[in-house]
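So the chains spell out like this:
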Amino acid sequence: MKKILVTGAQGQIGSELVPALRESYGGGNVVASDVRMRPGGSDSAGEGPFEHLDCTKGREIRDLIGRHDVGTIYHLAALLSAVAEERPQDAWHLNMGGLYRVLEAARHYGCAVFLPSSIGAFGPATPRENTPQDTIQRPTTMYGVTKVASELLCDYYAQRFGVDTRGLRLPGLISHVALPGGGTTDYAVEMFYQALRYGQYRCFLKADTRLDMMYMPDAVRAMIEVMAADPARLVHRNAFNVAAMSFTPQELAAEIARHIPGFSVEYDVDPIRQAIADSWPQSMDDGAAREEWGWAPQYGLDSMTSHMLDELRKKLGIPAAE
Ligand code: AKB
């Protein structure tokens, strides 16, 4: 088979997507890549090839695709919302420059491309509840601007050049393998670690900030399923809304406290991240994904919380509560 290339493989998504792809398609068929070099030249588990790749360098991408006979690219390398607001020029350079070069290489070599879009692709003018698949998208953050432009660029390459581009609008992702880096929804992951380590957490969003969230195993499955979906059934192709659960920091804290009695949260609001969160959907309508390729999440708030706590206890060496 032609190989699968994952860019940004050492990030929060890549750390779980790469092992899942290797499980399905074989270790040697999945090339992990990142601008951060891995000591030893292999992936974390040593189960497949790892390559250094700077996605803003077209020659590096083409060289890697040619050498490994790549047929599908999961293009994950991007800056997240909070860091993109701090460094908007870098965000444009990586998020747009990287995608443009990946799409050009895909056009040249006939590769399919997966792109993670985000709830960040919406803005304050979008309906925040039950956000439709096709609706107004006027984001007010640099992250959002790059996500809308990326969705459009992927549509353009599909229509104009026949590149098989597909993608999902992902909610905030909760995971225990790798930490998120520089997002607005990162509070949810931080809360789990701090609850287990210290029994308390200082949250940078207001207690009642409701956002769409998803557990990583569901997100990884969605990414694999959308790329395997029958193209004849896909009306949208790109940027499918996918939803699983929607909660506030206060609701997550209450769920964690059911397992860790006495867990408490203080609120010390970061105005920049709060403004970002206030411009995002609280719950997306994912009917198109359900209809066109059978999307269905498996984890809700309670099952995700118990699984996260079990996994993190093992990882951090914290004994299970009596
Ligand atoms: C972020 O918070 O920036 C990301 C996202 C929702 O896209 N997790």
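This text goes with the structure placed above it.
Residues numbered from 1 in each chain as written. Predicted model: local features only at pLDDT ≥ 70, side-chain atom pairs only at ≥ 80, totals over all residues. Heavy atoms only, no water.

1. Observations regarding the overall build of the protein
- Across its full length, the protein holds 11 helices and 12 strands.
- Relative to its length of 322 residues, the protein is compact, with a C-alpha radius of gyration of 19 Å against a globular reference of 20 Å.
- Its C-alpha atoms put the protein at 55 × 45 × 40 Å along the principal axes.
- Taking all 322 residues of the protein together, the buried fraction comes to 54%.
- Restricting to contacts in the protein with at least 6 residues of sequence separation, those with at least 24 account for 78%. (Helix = DSSP H or I, 4+ residues; strand = E, 2+ residues; numbered from the N terminus. Rg over C-alpha atoms; globule rule 2.2 N^0.38 Å. Buried < 20%, exposed > 50% of the residue type's maximum accessible area, 1.4 Å probe, protein only. Contact = heavy atoms within 4.5 Å.)

2. A few points about the site of the ligand
- In the vicinity of the ligand, the residues found are Leu80, Ser81, Ser118, Ile119, Tyr143, Gly183, Thr184, Thr185 and Trp280.
- Between Ser81 and the ligand, the recorded distance is 2.5 Å, taken from a side-chain N or O atom to an oxygen atom.
- For the ligand, a nitrogen atom lies 2.9 Å from a polar atom in the side chain of Thr185.
- In isolation the ligand offers 250 Å² of accessible surface; the protein chains occlude 94% of this area. (Near = heavy atom within 4 Å. Polar contact = N/O pair within 3.5 Å; in protein donor to acceptor, adjacent residues only side chain to side chain. Areas by Shrake-Rupley, 256 points an atom, 1.4 Å probe, with all protein chains shown as cover.)

3. What to know about the pattern of salt bridges
- Following the criterion strictly, the structure yields 19 salt bridges and no others.
- For Glu151, the salt bridge goes to Arg169, with nearest N and O atoms at 2.8 Å. Residue Glu151 is found in helix H5 (residues 142-161), and its partner Arg169 is found in strand S6 (residues 165-170); the two are separated by 18 residues along the sequence. Judged on exposure class, the residue Glu151 and its partner Arg169 are both buried. (Salt bridge = Lys/Arg side-chain N within 4 Å of Asp/Glu carboxyl O.)

4. A word on the side chain of Asn238
- Structurally, the position occupied by Asn238 is in the loop between helix H7 (216-228) and strand S10 (240-241).
- You can call Asn238 buried: its relative accessible area is 6%.
- Here Asp155 takes part through its side chain, which lies 3.0 Å from a polar atom of the side chain of Asn238.
- If sequence neighbours within four positions are ignored, Asn238 has contacts with Gln133, Cys154, Asp155, Thr165, Arg166 and Gly167.

5. Considerations on the packing of aromatic side chains
- Within the structure shown, the criterion is met by eight aromatic pairs.
- Pairing Tyr74 with Phe114 gives two aromatic rings, centres 5.2 Å apart and planes at 35 degrees, and the pair type is tilted. Placement of the pair is Tyr74 in strand S4 (residues 70-75) and Phe114 in strand S5 (residues 112-118), with a sequence separation of 40 residues.
- Accessibility expressed as a relative area gives 0% for Phe114, which makes it buried.
- Ring centres of Phe240 and Trp293 lie 5.8 Å apart, and the angle between their planes is 75 degrees; this geometry places the pair in the edge-to-face category. (Phe/Tyr/Trp six-rings, centres within 6.5 Å; stacked < 30°, edge-to-face > 60°.)

6. Topic: the layout of surface pockets
- Each pocket or cavity is described by its volume, and for the largest pocket that value is around 790 Å³.
- Looking at the largest pocket, it is lined by 40 residues, and the ones nearest its centre are Gln12, Leu76, Ala78, Leu80 and Gly181.
- Those elements giving two or more residues to the lining of the largest pocket turn out to be helix H3 (81-86), helix H4 (88-109), S5, H5 and strand S7 (172-174).
- The dominant element in the lining of the largest pocket, judged by the number of residues it contributes, is S5, at three residues.
- Mapped onto the domain boundaries, the lining of the largest pocket takes at least three residues apiece from domain 1 (3-172 + 216-241) and domain 2 (173-213 + 244-282 + 298-316). (1 Å grid on protein atoms, 1.4 Å probe; cavity = no way out; pocket = protein on both sides within 12 Å on 5 of 7 lines; lining within 4 Å. Points joined across faces, edges and corners; volume = space filled by probe spheres on them. Domains from an automatic or database assignment.)

7. Some details on the sheet that holds S6
- What the seven strands build is an open sheet, ordered S3-S2-S1-S4-S5-S6-S10; its pairing is parallel. A single partner strand is all that each edge strand has here, and the edge strands are strand S3 (50-52) and S10.
- Relative to S10, S6 runs parallel, the two sharing two bridges. Among the inter-strand pairings, Leu168 is bridged to a residue of S10, identified as Phe240.
- Against the sheet, helix H1 (residues 14-25) contacts strand S1 (3-7), strand S2 (30-34) and S4, and its axis sits at roughly 165 degrees relative to S2.
- Against the sheet, helix H2 (residues 58-68) contacts S1, S2, S3 and S4, and its axis sits at roughly 155 degrees relative to S3. (Pairing = 2+ DSSP bridges. Axes fitted to C-alpha atoms, helices over the stretch in contact; angles between N-to-C directions.)

8. Concerning the sheet that holds S7
- On the basis of which strands lie adjacent, the open sheet formed by three strands has the order S7-S9-S11 and mixed pairing. What marks the edges here is a single partner per strand, and that holds for S7 and strand S11 (245-247). Adjacent strand axes in the sheet meet at a mean angle of 45 degrees when their direction is disregarded.
- Relative to S11, strand S9 (residues 211-215) is paired through three bridges, and the arrangement is antiparallel. Bridge pairing in S11 links Met213 to Met245.
- Where helix H11 (residues 301-316) meets the sheet, it contacts S7, S9 and S11, and its direction lies at approximately 85 degrees from that of S11.

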